[in-house]
Amino acid sequence: MQRVALVTGAGRGIGAAVALRLARTGTAVLCAARSLESVHDTADAILAAGGTAWAVHLDVTDPLTFDDAIAEHGEAIERRGGIAWLINNAGIAETAPFLRHGRETGVDLYEKHLRTNFHGPRRLIERFAPEMLERGHGRIINVASSAGLRGYPYAAAYVASKHALVGYTRCAAAELAGKDVTMNLVCPHYVDSPMTEQTVARIVKKTGRPAAEVREFLAKENPGGSLVSCEEIADVVARLCGGDDNGMLVELIGGRGLIPDAQAEQWRAL
Ligand SMILES: NC(=O)c1ccc[n+]([C@@H]2O[C@H](COP(=O)([O-])OP(=O)(O)OC[C@H]3O[C@@H](n4cnc5c(N)ncnc54)[C@H](OP(=O)(O)O)[C@@H]3O)[C@@H](O)[C@H]2O)c1
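Notes on the structure follow. Not measured: the values here are computed from a predicted model. Starting afresh in each chain, residues are numbered from 1 along the sequence in its written order. Totals for whole chains, interfaces and linings use every residue, but because this is a predicted model, local features are given only for residues with pLDDT of at least 70 and side-chain atom pairs only at 80 or more, for both listing and counting. To get the side-chain values, all heavy atoms of the structure are used, and hydrogens and water are removed first.

### Focus: the packing of helix H1 (residues 13-24) against helix H2 (residues 36-48)
Next, step 1: Axes, fitted as lines to C-alpha atoms, cover a helix only where it is in contact. Angles between the N-to-C directions of the axes lie from 0 to 180 degrees. Per the convention used, a helix needs a DSSP run of H or I reaching at least four residues, while a strand needs a run of E reaching at least two, with both numbered from the N terminus. One can describe the packing of H1 onto H2 by two numbers: an axis separation of 10 Å at closest approach and a directional angle of 25°. Comparing the axis directions of H1 and H2 gives the class roughly parallel. Here H1 runs over H2; the crossing is right-handed. Here H1 contributes Ala16, Ala19, Leu20 and Ala23 to the contact with H2, which in turn contributes Thr42, Ala45 and Ile46. When describing relative orientation, an angle under 35 degrees is termed roughly parallel and one over 145 degrees roughly antiparallel, while 65 to 115 degrees is termed roughly perpendicular and anything else oblique. Helix crossings are classified by the rotation of the near helix relative to the far one: an anticlockwise turn of less than a right angle makes the crossing left-handed, while a clockwise turn makes it right-handed. Residue contacts follow a heavy-atom distance rule, with two residues in contact if any of their heavy atoms lie within 4.5 Å.

### A closer look at the pairing of strand E5 (residues 138-143)
Next, step 1: Each residue gets one of three labels from its accessible area relative to the maximum for its type: buried under 20%, exposed over 50%, partly exposed in between, using a 1.4 Å probe on protein chains only. Counting buried positions along E5 gives six out of six residues, so the element sits mostly inside the fold.
Next, step 2: On E5, burial covers both faces: Gly138, Ile140 and Asn142 on one face and Arg139, Ile141 and Val143 on the other are all buried.
Next, step 3: Strands qualify as paired when DSSP identifies two bridges or more between them. With four bridges joining them, strand E4 (residues 83-88) and E5 adopt parallel strand pairing. When the sheet's bridge partners are listed, tryptophan 85 is paired in E5 with arginine 139.
Next, step 4: Clockwise travel from the first strand over the helix to the second, with the strands pointing away from the viewer, marks a crossover as right-handed. Between the parallel pair E4 and E5, the chain is carried across by helix H5 (residues 109-135), and the sense of this crossover is right-handed.

### Structural notes on the pairing of strand E1 (residues 4-8)
Working note: regular strand, side chains alternate between the two faces of the sheet.
Next, step 1: Burial analysis of E1 places five of its five residues in the buried class, which makes it a mostly covered element.
Next, step 2: Residues Val4, Leu6 and Thr8 of E1 are buried on one face, and the alternating residues Ala5 and Val7, pointing to the opposite face, are buried as well.
Next, step 3: Sheet topology note: the E1/strand E2 (residues 28-33) ladder contains five bridges and is parallel. Note that in E2 the partner of threonine 8 across the bridge is alanine 32.
Next, step 4: One crossover worth recording links E1 to the parallel E2 by way of H1, and it is right-handed.
Next, step 5: In this sheet, E4 lies alongside E1 in parallel orientation, the contact comprising four bridges. Residue pairing in the sheet places alanine 5 in a bridge with tryptophan 85 of E4.

Written as structure tokens, this is what we have:
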């Protein structure tokens, strides 16, 4: 039976690459984001390549949209046994000095980041993990960040939200041990994606440095010396979905380098 994956933030960047990659494994992909137009582009690319995909509006901060997104294609999803793989990829990243996260922007950036980057994935897991446990199979991948493992200046809200996601996943995975429902973490350093382009634009605006120089600076910040590609993240996600690892944290450092926290044989082949 063809399985179904739900990929959040599938309209661009990492999420789009993950959706396309999982579709290549024969998985039907529910491509989700707030902007329907962007996820239609991803779903259309999957369909054009002979795969199965649906584009749905889903806002990870609004649980009401979870059921609406599923209901839209409910019968097709049920026929395939429900959501088997959940890829919590959607995220936001804004910057400000840590004491000015509220004052500079007029919104509390701590609450905003936690709502999207932590409570979003948590609520989606609470919506779909019970069904996975009932069926006795499921794969959940949380796309955190190197910001879930260390600090970066001017990114306190983003870093706090990603640390929350890492801590939560470690606890949940420990509780899932022994079940065929697994939860794993992917922690990339700077990625060649639209989110990083926004970071580049912000630094250019603030410093007046040329964009190419800023991009190069960020690439050199990565331990692997270059930006992580969306495709290499998609490969790791596909591998975690297809395997039995649980509680694994894979840190992608750039230059196709990665640091799995369990040095399993299978990871050396990547
Ligand atoms: N770029 C990096 O350097 C980097 C490094 C490490 C980790 N990450 C993480 O990787 C993930 C993807 O990053 P990216 O670089 O691909 O970002 P991106 O290019 O900005 O794409 C983010 C995606 O998330 C969606 N999204 C944002 N808020 C959402 C919400 N409330 N509900 C549903 N979808 C939402 C966006 O679509 P809509 O706006 O249409 O909703 C978009 O499709 C994020 O969690 C990010 O924190 C990124």
